[in-house]
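# Examining the three-dimensional arrangement
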Amino acid sequence: MTNSSNGRPDTGYARVAGLDMYYEVHGTGRPLVLLHGGLLTIGLTFGAMLPTLAANHRVIAVELQGHGRTADTGRELGFDHLADDVDALLDQLGVATADVFGFSLGGLVALRLAMRHPARVERLVVAAAHYRLDGYYPEILDPARYATSTRMPTAEEFAEMRAEYERVAPDPGHFEAFAAKASALISGFEGWADAELRAVDARTLVVIGDTDFVRVEHAARMRELIPEASLAVLPDTTHTGLLRRTDLLLPMVETVLAERAGAVTGGVG
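For clarity, every value in this text was computed on a predicted model and none was experimentally measured.

Turning to the nonpolar core, a few remarks are in order. The biggest cluster of nonpolar side chains holds 93 residues, and the ones touching the most others in it are Phe101, Leu111 and Leu124. No other element matches the eight residues that helix α4 (residues 105-116) contributes to this core. Once you skip the residues sitting within four places of it in the chain, phenylalanine 101 turns out to touch Leu32, Val33, Leu34, Leu35, Phe46, Met49, Leu53, Val125, Ala127, Leu249 and Val253.

Considered as a void within the structure, the largest pocket measures approximately 770 Å³ in volume. Lining the largest pocket are 30 residues, and of these Leu39, Met152, Phe158, Ser183 and Phe213 sit closest to its centre. Where the lining of the largest pocket is concerned, the elements lending two or more residues are α4, α5 (143-146), α6 (155-168) and α7 (175-187). Of all the elements, α7 adds the most residues to the lining of the largest pocket, at nine residues. For the lining of the largest pocket, the per-class residue count stands at 21 nonpolar, seven polar and two charged. Lining the second largest pocket are Leu40, Gly43, Leu44, Thr45, Gly47, Ala48, Glu157, Glu160, Met161, Thr240, Leu243 and Arg244.

Before going further, it helps to spend a moment on the packing of α6 against α7. In the contact formed by α6 and α7, the axes pass within 11 Å of each other and the chain directions differ by 120 degrees. Relative to α7, the element α6 is oriented oblique. For α6 against α7, the interelement crossing comes out right-handed. Across the interface between the two elements, Met161, Arg162 and Tyr165 of α6 pack against Phe175, Glu176 and Phe178 of α7.

By the secondary structure assignment, glycine 29 is in the loop between β2 (19-26) and β3 (30-35). For glycine 29 and asparagine 56, which are 27 residues apart along the polypeptide, the C-alpha to C-alpha distance reads 6.1 Å. Those residues within four positions of glycine 29 in sequence are excluded, and the remaining contacts are Asn56, His57 and Arg58.

The next subject is helix α9 (residues 216-225). Turning to α9, its buried residues number three or more, namely His218, Ala219, Met222 and Leu225. The buried residues of α9 occupy one face: seen down the axis, they fall within an arc of 120 degrees. With respect to the buried face of α9, the exposed residues turned more than 90 degrees away are Glu217 and Glu224. Where the residues of α9 are buried, they touch α4, β6 (121-127), α8 (194-198), β7 (203-211) and β8 (229-238).

So, on to the packing of aromatic side chains. Counting across every chain of the model gives seven aromatic pairs. Aromatic pair phenylalanine 189 and tryptophan 192: ring centres 4.9 Å apart, planes at 75 degrees, arrangement edge-to-face. There is no split in this pair, since phenylalanine 189 and tryptophan 192 are both buried. Three or more aromatic residues link up through ring pairs in this structure, and these residues are Phe79, Phe189 and Trp192. Above the plane of the ring of tyrosine 22 lies arginine 69, whose end atom (NZ or CZ) is 4.9 Å from the centre.

Parameters and conventions
Residues numbered from 1 in each chain as written. Predicted model: local features only at pLDDT ≥ 70, side-chain atom pairs only at ≥ 80, totals over all residues. Heavy atoms only, no water. Core = buried A, V, L, I, M, F, W, Y, C linked by side-chain atoms within 4.5 Å. Buried < 20%, exposed > 50% of the residue type's maximum accessible area, 1.4 Å probe, protein only. Helix = DSSP H or I, 4+ residues; strand = E, 2+ residues; numbered from the N terminus. Contact = heavy atoms within 4.5 Å. 1 Å grid on protein atoms, 1.4 Å probe; cavity = no way out; pocket = protein on both sides within 12 Å on 5 of 7 lines; lining within 4 Å. Points joined across faces, edges and corners; volume = space filled by probe spheres on them. Nonpolar A, V, L, I, M, F, W, Y, C, P; charged D, E, K, R; others polar. Axes fitted to C-alpha atoms, helices over the stretch in contact; angles between N-to-C directions. Parallel < 35°, antiparallel > 145°, perpendicular 65-115°, else oblique. Left-handed = near helix turned anticlockwise from the far one by under 90°. Arc of directions from axis to C-beta. Phe/Tyr/Trp six-rings, centres within 6.5 Å; stacked < 30°, edge-to-face > 60°. Lys NZ or Arg CZ within 6 Å of the ring centre and 35° of its normal.

Note that all results are geometric; they support no functional claim without further evidence.
What follows is the structure in structure tokens.
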């Protein structure tokens, strides 16, 4: 819900698994959970999309362990933990089922949430995310190559991540340490079995850019494995550039969120 007195979102912290997890609630309607990318915040990931999404949905935007206004802890950073945190938050908010839209790291968390808590997720948007490490182009995991890769965020985008972290984080000096922790999460990710994706029963949109971290063939395999899935590949779009393609992305997201289960019409893009 939105604060009726000033039009601003409701904000708060939920105590889950030893974390004080920050969240915002915008708009009214069916619940839609937004899960940001790695080293990003709600605003950096979804700022351009929030007004449109909140016009039709009760948007619950979360900042995961160590990101934004949610402090890091000594706890391992793992996808099971992160997915369970979101599940616990929804319990506290009294949300039985929701649609979930995750980008990059948030896409992995969204997918894991649908695997571990299938009754919680009805529709799912997995943007710029993989399910096995070989889903990435090799250069993304090679420090000698990614510095010059056109697939990587620009120096300006990295600077923006740091600046926003230092502006809102409980411990502004923790950025480098947490960036290393988040990087280790991705590089150490062993992946999930094909059978786990086949068990996802949420209506799903898999979406990547054609110049993403994620290989198109890998995204197509995700579309094949998830029973009710479609795939969109946005043209001339990098990993972080996907967040700026609201002209293409938002209509597809809204179409999927409006569909009934069993209404898959095929791939896109």
